[in-house]
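Architecture at a glance
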Amino acid sequence: MDSRLLMDKTDRQRSHIFYDQLAPWWPLISAPEDYVDEAAHFAALFRQHSARTPRSLLELGSGGGNNASHLKSMFEEVMLVDAAERMLEVSRVLNPECEHQLGDMFSVRLERTFDCCLVHDAICYATSLDELSAVLSTVYEHLVPGGVAVLAPDFVRETFESGTEHGGHDHGDRGIRYLEWTWDPDPTDCTYIADYAFLIRDGTDEPRTLHDRHIEGLFSTHDWLTTLQQIGFSSMVVKPDQDDEVASTLFVAIRPASPKA
C-alpha cells in the first residue's frame, strides 16, 4: 500500500475535519432522529443482559451525542466522553442534563464505574489489536462487576464490503451533503479507508467542498472475541436479522461479577 495514503497516527486521531472544522455542522451531517432505531436496539441489549435495572451509562467516543439523546431517558446518570472538544460542545447543547468529559477512549480513567458502557462507531479508530485491547481495557475498568458493554463497529472482517453511502440535511439557508466511500486497498491488513466528500452551502455563498480521510480498524469476529476474553470479559456476538434496522455485527461484553482470576 502506498505510504502516502496513510497519515501519522496522531494526525489520524486529532486532525479529522469531521470533528473539528465541521463539528458545528454535525446535526446536519448526522441528525439525532437518524439514530432512533439503533439506540432502541442498544437499549434493548442493555436491559436484556443486565442483572439488575441499569442506572448509569458511560459512552466512549460519544461525538455529538446523538445516541445519548435517545438513551438518556433510560438512565439516572449519563457520562459522555470524547476526544474532540468541539463535538462535546455540540453534545452539550443536545444533552445538557448529561455529564461531558474530554478524554481519549484509549487511555481515559474517570475513577468511576457504570452499569453500562457504549462504544459506537468510534471503536473503528482502534486500528491494531493493541489499540483495540486498550479501548476494551478502558471499558472494563469503568464497568461495575456484572456491568454490560455494547460495542458497535461498522464492520467485522467477514462482513466488510466496499461501498458508498450519502446523506445530509438542510436548516434554513444552510445545508450539507456528503458522500462516504469505504474501500480496502489491502485485504491482508486490519484497516480500511473511509473517504468523505462534503458539499456545504451556507447562506447565499457558492457551495464549497471538503475531503476527509479516515483510517479505520477491521478485525475478524475471532479477533474480537479473543481480545475480549483476554481483557476478562464474557462476550457474545449479536448478528443482525435479515429485517433488522441495525445492519452491523455487535458485541455484548459482560464484566464478570467476580474478579479476574
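All of the points below concern the structure found in this document. (Residues numbered from 1 in each chain as written. Predicted model: local features only at pLDDT ≥ 70, side-chain atom pairs only at ≥ 80, totals over all residues. Heavy atoms only, no water.)

Focus on the overall build of the protein
- Secondary structure summary: the protein contains seven helices and 12 strands in total.
- In terms of overall size, the protein behaves like a compact globule, its C-alpha atoms giving a radius of gyration of 18 Å where 261 residues would be expected to give roughly 18 Å.
- Relative to its full complement of 261 residues, the protein shows a buried share of 51%.
- Of the contacts formed within the protein by residues at least 6 apart in sequence, a portion of 64% connects residues at least 24 apart.
- Within the protein, one finds 21 positive and 44 negative side-chain charges whose respective centroids are separated by 5 Å. (Helix = DSSP H or I, 4+ residues; strand = E, 2+ residues; numbered from the N terminus. Rg over C-alpha atoms; globule rule 2.2 N^0.38 Å. Buried < 20%, exposed > 50% of the residue type's maximum accessible area, 1.4 Å probe, protein only. Contact = heavy atoms within 4.5 Å. Lys, Arg positive; Asp, Glu negative; His and termini not counted. Charge placed at Lys NZ, Arg CZ, Asp CG, Glu CD.)

What to know about the packing of aromatic side chains
- Across all of its chains, the model carries 15 aromatic pairs by this definition.
- Seen from their ring centres, phenylalanine 18 and tryptophan 26 are 5.4 Å apart, and the 85° between their planes marks the pair as edge-to-face.
- With a relative accessible area of 6%, phenylalanine 18 lands in the buried category.
- Ring centres 5.4 Å apart and planes at 45° place the aromatic pair phenylalanine 18 and phenylalanine 198 in the tilted group. In this pair, phenylalanine 18 sits in the loop between helix H1 (9-14) and helix H2 (26-29) while phenylalanine 198 sits in strand S9 (residues 191-202), placing the two residues 180 residues apart along the sequence.
- Given a relative accessible area of 2%, phenylalanine 198 falls into the buried group. (Phe/Tyr/Trp six-rings, centres within 6.5 Å; stacked < 30°, edge-to-face > 60°.)

Some details on the nonpolar core
- Core analysis: the biggest nonpolar cluster contains 31 residues, and Leu60, Val139, Leu151 and Trp224 have the highest contact counts within it.
- Not counting the four nearest positions on each side in its chain, leucine 151 is found in contact with Val119, Leu136, Val139, Trp224, Leu228, Leu250, Phe251 and Ala253.
- Ranked by size, the runner-up nonpolar core spans 22 residues in total, among them Phe42, Val78, Cys116 and Val148. (Core = buried A, V, L, I, M, F, W, Y, C linked by side-chain atoms within 4.5 Å.)

So, the sheet that holds strand S2 (residues 77-82)
- The mixed open sheet is built from seven strands, whose spatial order is S3-S2-S1-S4-S5-S12-S11. With partners counted over all chains shown, the strands left at the sheet margins are strand S3 (99-102) and strand S11 (234-238), one partner each. Shown here is a sheet whose adjacent strand axes are inclined to one another by a mean of 15°, direction ignored.
- Where strand S5 (residues 143-151) lies against strand S12 (residues 250-254), four bridges are found, and the strand directions are antiparallel. In the strand pairing of S12, leucine 151 is matched with phenylalanine 251.
- Contacts from helix H5 (residues 85-94) reach S2 and S3 within the one sheet, and its direction differs from that of S3 by about 175°. (Pairing = 2+ DSSP bridges. Axes fitted to C-alpha atoms, helices over the stretch in contact; angles between N-to-C directions.)

Details of helix H3 (residues 36-49)
- With 14 residues, H3 extends 20 Å between its outermost C-alpha atoms, agreeing within 8% with the 20 Å of an ideal straight helix rising 1.5 Å per residue.
- In this structure, the buried side of H3 is in contact with strand S1 (56-60), helix H4 (66-71), strand S4 (114-119), S5, S11 and S12. (Expected span 1.5 Å × (residues − 1).)

Side note on the pairing of S1
- Burial analysis of S1 places five of its five residues in the buried class, the great majority of the element.
- Both faces of S1 are covered, namely the face carrying Ser56, Leu58 and Leu60 and the face carrying Leu57 and Glu59.
- Where S1 and S4 come together, four bridges link them in parallel fashion. When the bridges of S4 are listed, glutamate 59 appears paired with leucine 118.

Some thoughts on the packing of helix H6 (residues 129-141) against helix H7 (residues 221-231)
- Contact pair H6 / H7: the axes reach a minimum separation of 10 Å and the direction vectors enclose 50°. Classified by the angle their axes make, H6 and H7 are oblique. The interaxial crossing formed by H6 with H7 has right-handed handedness. Mapping the contact onto sequence places Leu129, Leu132, Ser133, Leu136, Ser137 and Tyr140 in H6 and Asp223, Trp224, Thr227, Leu228 and Ile231 in H7.
- Its residues assigned to classes, the contact of H6 with H7 shows seven nonpolar, three polar and one charged. (Parallel < 35°, antiparallel > 145°, perpendicular 65-115°, else oblique. Left-handed = near helix turned anticlockwise from the far one by under 90°. Nonpolar A, V, L, I, M, F, W, Y, C, P; charged D, E, K, R; others polar.)

Function-wise, these values are silent; they only describe arrangement.
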